[in-house]
Amino acid sequence: MFSPRVISHLKITLLATAFSLAPSLAKAHSPFLVPTSFEPLYEGWVSLDAGFSEVFFVPEVAFDKGHFQVLTPKGEWVAPSLQQFKTRSIVEFQAKDEGTYRFTTGVRKAAIFRMYELNGERKHTRDPKEVLPKEAKLLDHYQSVTLAETFVTLKKPTTAALKPHNQGLEIVPVTHPNDVYAGEAFAFQVLLDGKPLADNDVTLFTGHDGNEHEKPTLTAKTDKDGKAQLTIANPGTYLLYTRKSAPAPKGAEAPNYGYVYTLSFAVNAQ
């Protein structure tokens with residue numbers, strides 16, 4: 001874990017990673033996966049944008065190196081159509097069965113960072129071959145691990161697709177994410193490797209075409225059971241963001257993982 005003092009000195013713009021060390025995210029690219037509509041439109045087709053951005057949901061860097069999948073209401077994982085460009089990845093899928101579908105980018109393991117202090121100054125490197133000066137004090141050594149997800153429902157919401165992965169960092173909806181209404185609580189649980197993650201911050205951002213979301217719309221902290229809830233006043237499209245630094249599994253390329261998870265969803269008018 002980073003100490004508050006270390007975090008306050010780290011201001012890194014991550015073009016190919018989503019591990020934000022600053023609480024506002026305003027200067028860090030963060031991942032997202034968002035549909036044009038949270039219910040399938042013509043003949044059940046769903047179209048989604050995936051990328052990294054400083055302004056949700058305006059893509060700046062395509063979400064590459066992922067493993068895009070769809071979990072159907074029947075519990076089957078299938079591959080959607082995928083086109084990747086420089087600034088965005090576009091996903092398409094035709095929903096045929098009624099119920100809720102889970103869309104995921106899959107886990108993306110990206111850049112490896114080393115943070116160190118030299119002569120009282122905090123520095124970082126993402127070059128694994130770079131030899132640190134002998135006088136340098138290593139502060140952290142981690143790999144960014146990102147995952148972005150969303151849910152789309154054809155007609156009546158179902159819950160089979162809401163089950164947790166029980167691996168890595170994730171937000172598990174308690175309130176169905178396609179059944180959230182303005183002025184009502186949206187409840188969820190944060191898990192790390194299937195275990196409740198207590199006392200962890202979750203940040204809500206509003207989707208805009210401008211930069212209004214650079215400051216969080218709402219924030220919440222999970223309780224001892226990893227649970228939290230947010231009451232959102234206005235209809236619109238939103239993104240939940242959470243992060244966690246934790247020891248990496250044995251055999252990983254770095255001793256720590258910098259996890260980031262995002263969930264996009266819509267809040268409906270009453």
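Residues numbered from 1 in each chain as written. Predicted model: local features only at pLDDT ≥ 70, side-chain atom pairs only at ≥ 80, totals over all residues. Heavy atoms only, no water.

**Focus on the overall build of the protein**
Link 1 in the chain: Summing up its helical and strand segments, the protein has one helix and 19 strands in all.
Link 2 in the chain: Relative to its 270 residues, the protein shows a buried fraction of 50%.
Link 3 in the chain: Look at the contacts in the protein between residues 6 or more apart in sequence, and 65% of them connect residues 24 or more apart.
Link 4 in the chain: Carbon and sulfur atoms provide 50% of the accessible area of the protein, an area that totals close to 13,300 Å². (Helix = DSSP H or I, 4+ residues; strand = E, 2+ residues; numbered from the N terminus. Buried < 20%, exposed > 50% of the residue type's maximum accessible area, 1.4 Å probe, protein only. Contact = heavy atoms within 4.5 Å. Areas by Shrake-Rupley, 256 points an atom, 1.4 Å probe, with all protein chains shown as cover.)

**Side note on the nonpolar core**
Link 1 in the chain: Counting residues in each nonpolar core, the largest one holds 31 residues, and the members touching the most others are Ile 171, Phe 188, Leu 240 and Phe 265.
Link 2 in the chain: Sorting elements by how many residues they give to this core places strand β19 (residues 256–267) first, with six residues.
Link 3 in the chain: Those residues in contact with Leu 240, other than ones at most four positions away along the chain, are Ile 171, Phe 186, Phe 188, Val 202, Thr 203, Leu 204, Leu 230, Tyr 261, Thr 262, Leu 263 and Phe 265.
Link 4 in the chain: Ranked by size, the runner-up nonpolar core spans 16 residues in total, among them Ala 50, Phe 63, Phe 103 and Val 152. (Core = buried A, V, L, I, M, F, W, Y, C linked by side-chain atoms within 4.5 Å.)

**Quick word on the pairing of strand β17 (residues 227–231)**
Link 1 in the chain: Here β17 shows a buried face lined by Ala 228 and Leu 230 and an unburied face lined by Lys 227, Gln 229 and Thr 231.
Link 2 in the chain: When strand β13 (residues 185–192) meets β17, the two strands line up antiparallel, connected through five bridges. Counted as the bridge partner of Ala 185 is Thr 231 from β17. (Pairing = 2+ DSSP bridges.)

**Quick notes on the side chain of Arg 102**
Link 1 in the chain: Following the sequence through the fold, Arg 102 ends up in strand β8 (residues 99–104).
Link 2 in the chain: By relative accessible area, Arg 102 is classed as buried at 1%.
Link 3 in the chain: Here the side chain of Arg 102 touches Glu 149 through a polar contact of 2.9 Å, side chain to side chain. (Polar contact = N/O pair within 3.5 Å; in protein donor to acceptor, adjacent residues only side chain to side chain.)

**Some thoughts on the environment of Glu 184**
Link 1 in the chain: Positionally, Glu 184 belongs in the loop between β12 (169–173) and β13.
Link 2 in the chain: Judged by its relative accessible area of 38%, Glu 184 falls in the partly exposed class.
Link 3 in the chain: On a C-alpha basis, the gap between Glu 184 and Thr 231 in space is 5.4 Å, while along the polypeptide they are 47 residues apart.
Link 4 in the chain: Not counting the four nearest positions on each side in its chain, Glu 184 is found in contact with Leu 230, Thr 231, Ile 232 and Gln 270.
Link 5 in the chain: A polar side-chain atom of Glu 184 sits 3.1 Å from a polar atom in the side chain of Gln 270.

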